[in-house]
Amino acid sequence: MPSKLDSLKAMTTVVADTGDMEAIGAFKPTDCTTNPTLILKAAQMPAYAHLVDEAIVWGKAHHAVASQVTDRLSVNFGAELARIVPGRVSTEVDADLSFDVEATVAKARHIIADYAARGVGRERVLIKIASTWEGIQAAKILQAENIDCNLTLLFSLAQAAACADAGAFLISPFVGRILDWHVKATGQSYTAETDPGVLSVRQIYSYYKAHGIKTVVMGASFRNTGEIEALAGCDRLTISPQLLQQLSEEQGALPRLLDPAKTTDAPARLDLDEKTFRFMLNEDAMATEKLSDGIRLFARDLRDLRAMVSARLVA
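Our subject in this report is the structure included herewith. Please read all numbers here as calculations on a predicted model, not as lab measurements. (Residues numbered from 1 in each chain as written. Predicted model: local features only at pLDDT ≥ 70, side-chain atom pairs only at ≥ 80, totals over all residues. Heavy atoms only, no water.)

1. Overview of the pattern of salt bridges
Here's step 1: Per the stated rule, a full pass over the model turns up 23 salt bridges.
Here's step 2: The partner of lysine 4 in a salt bridge is glutamate 250, and the shortest N-O contact between them spans 3.8 Å. Pair noted here: lysine 4 is in helix H1 (residues 4-9) and glutamate 250 is in the loop between helix H12 (241-249) and helix H13 (274-283), with a separation of 246 residues, a long-range link.
Here's step 3: Since its relative accessible area comes to 12%, lysine 4 is described here as buried.
Here's step 4: The exposure class of glutamate 250 is partly exposed, given its relative accessible area of 25%.
Here's step 5: A salt bridge links glutamate 80 to arginine 83, with the shortest nitrogen-to-oxygen separation between them at 2.7 Å.
Here's step 6: Put simply, Asp71, Asp94, Asp96, Lys107 and Arg306 are held in one network by salt bridges that share partners. (Salt bridge = Lys/Arg side-chain N within 4 Å of Asp/Glu carboxyl O. Helix = DSSP H or I, 4+ residues; strand = E, 2+ residues; numbered from the N terminus. Buried < 20%, exposed > 50% of the residue type's maximum accessible area, 1.4 Å probe, protein only.)

Laid out in structure tokens, this is it:
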């Protein structure tokens, strides 16, 4: 009998949510995705010291500042990951640029150029950008240049609808962080079928399929395998090595629960300008808080990564 991971791969593209190449090699996902938190963790592992060392040597030779070296380090990891997975690698734009359209676009172009210099074409890369209004507008510009984007830190239908209007290649609605907020706010416990994060992704998936939207839905940020099983059939799911391991060890039926042909409960198409988007997001306390919190956390880990690089540059 196939494992649940094998069954999931038959209906959903599985993406590894890690910078750990050994884990990616073990579970053989199609794509992989990273963020500043994952890069910070991986950069401190002895197995990847050579990637850090290369960035530091480059930085000293080019008299680069810490932010330039961390950019190179992220692409170092991404280029290595691109040699392992057959599909796409997601690399994140700095979280502290989440409200700056022009700087986000410039950073994305730089990342794509750095990948190209390593022989990794743009068709293998997704630029991860926070789903702020500014991030979504930056994605619109980049998509017009054939630079595909992954809109992350997404917690609401309003964000998903705006990303679709911008022509984003892919969105990453977060499941576990939505659950975290509701557990803290209500004190209740949830099953996979009542999990607010699962229900949010199902709503977004139905909205996209009912309205013929091509943007890929990739559920992210899982707390347990029950959430993953409840989204079986979603376009893509990005999963941590720990949960990939659990799925690979479990056997049993894994029914398809998301189907593009079954969208009878889909919301009506939204017409969003900036003012409507900001008001809808503001009305959603969970989405507002988790978006801000996510940007702060990624910015904190980015600062820690830059501090580590700075220390190495002067050593």
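2. Here's the deal with the environment of glutamate 249
Here's step 1: Take glutamate 249: it is sitting in helix H12.
Here's step 2: Taking the C-alpha atoms as reference, glutamate 249 lies 42 Å from asparagine 282; in sequence the two are 33 residues apart.
Here's step 3: A polar side-chain atom of glutamate 249 sits 2.5 Å from a polar atom in the side chain of glutamine 245. (Polar contact = N/O pair within 3.5 Å; in protein donor to acceptor, adjacent residues only side chain to side chain.)

3. Comments concerning the packing of aromatic side chains
Here's step 1: In the structure shown here, the tally under the stated rule is 4 aromatic pairs.
Here's step 2: Centroid distance phenylalanine 155 to phenylalanine 174: 5.5 Å. Interplanar angle 70°. Geometry classified as edge-to-face. Residue phenylalanine 155 is found in the loop between strand S5 (149-154) and helix H8 (157-165), and its partner phenylalanine 174 is found in the loop between strand S6 (170-173) and helix H9 (176-186); the two are separated by 19 residues along the sequence.
Here's step 3: A cation over an aromatic ring shows up here: arginine 88 above the ring of phenylalanine 169, its NZ or CZ 4.5 Å from the ring centre. (Phe/Tyr/Trp six-rings, centres within 6.5 Å; stacked < 30°, edge-to-face > 60°. Lys NZ or Arg CZ within 6 Å of the ring centre and 35° of its normal.)

4. Focus: the nonpolar core
Here's step 1: The biggest cluster of nonpolar side chains holds 100 residues, and the ones touching the most others in it are Leu8, Phe77, Ile127, Leu151, Ile171, Tyr208 and Ile239.
Here's step 2: Not counting the four nearest positions on each side in its chain, isoleucine 127 is found in contact with Thr91, Val93, Ala108, Ile111, Ile112, Ile147, Asp148, Cys149 and Asn150.
Here's step 3: In this structure, Val15, Leu126, Leu170 and Met218 belong to the second largest nonpolar core, which totals 5 residues. (Core = buried A, V, L, I, M, F, W, Y, C linked by side-chain atoms within 4.5 Å. Contact = heavy atoms within 4.5 Å.)

5. Overview of the pairing of strand S4 (residues 125-130)
Here's step 1: Within S4, 6 of the 6 residues are buried, which leaves it mostly tucked inside the rest of the structure.
Here's step 2: On S4, burial covers both faces: Val125, Ile127 and Ile129 on one face and Leu126, Lys128 and Ala130 on the other are all buried.
Here's step 3: Relative to S4, strand S3 (residues 89-92) is paired through 4 bridges, and the arrangement is parallel. Within S4, the position partnered with valine 89 by the bridge is valine 125.
Here's step 4: The handedness of the S3 to S4 crossover, carried by helix H6 (residues 101-117), is right-handed.
Here's step 5: Running through helix H7 (residues 133-144), the crossover from S4 to the neighbouring parallel element S5 is right-handed. (Pairing = 2+ DSSP bridges. Right-handed = clockwise from strand over helix to strand, strands pointing away.)

6. Structural notes on the packing of helix H4 (residues 49-61) against helix H14 (residues 285-314)
Here's step 1: As a packed pair, H4 and H14 sit with axes 10 Å apart at the nearest point and diverge in direction by 60°. Comparing the axis directions of H4 and H14 gives the class oblique. In this structure, H4 meets H14 at a crossing whose hand is right-handed. Contacts between H4 and H14 pair Val52, Asp53, Ile56, Gly59 and Lys60 from the former with Met308, Val309, Arg312 and Leu313 from the latter.
Here's step 2: Here the residues of the contact of H4 with H14 sort into 5 nonpolar, 1 polar and 3 charged. (Axes fitted to C-alpha atoms, helices over the stretch in contact; angles between N-to-C directions. Parallel < 35°, antiparallel > 145°, perpendicular 65-115°, else oblique. Left-handed = near helix turned anticlockwise from the far one by under 90°. Nonpolar A, V, L, I, M, F, W, Y, C, P; charged D, E, K, R; others polar.)

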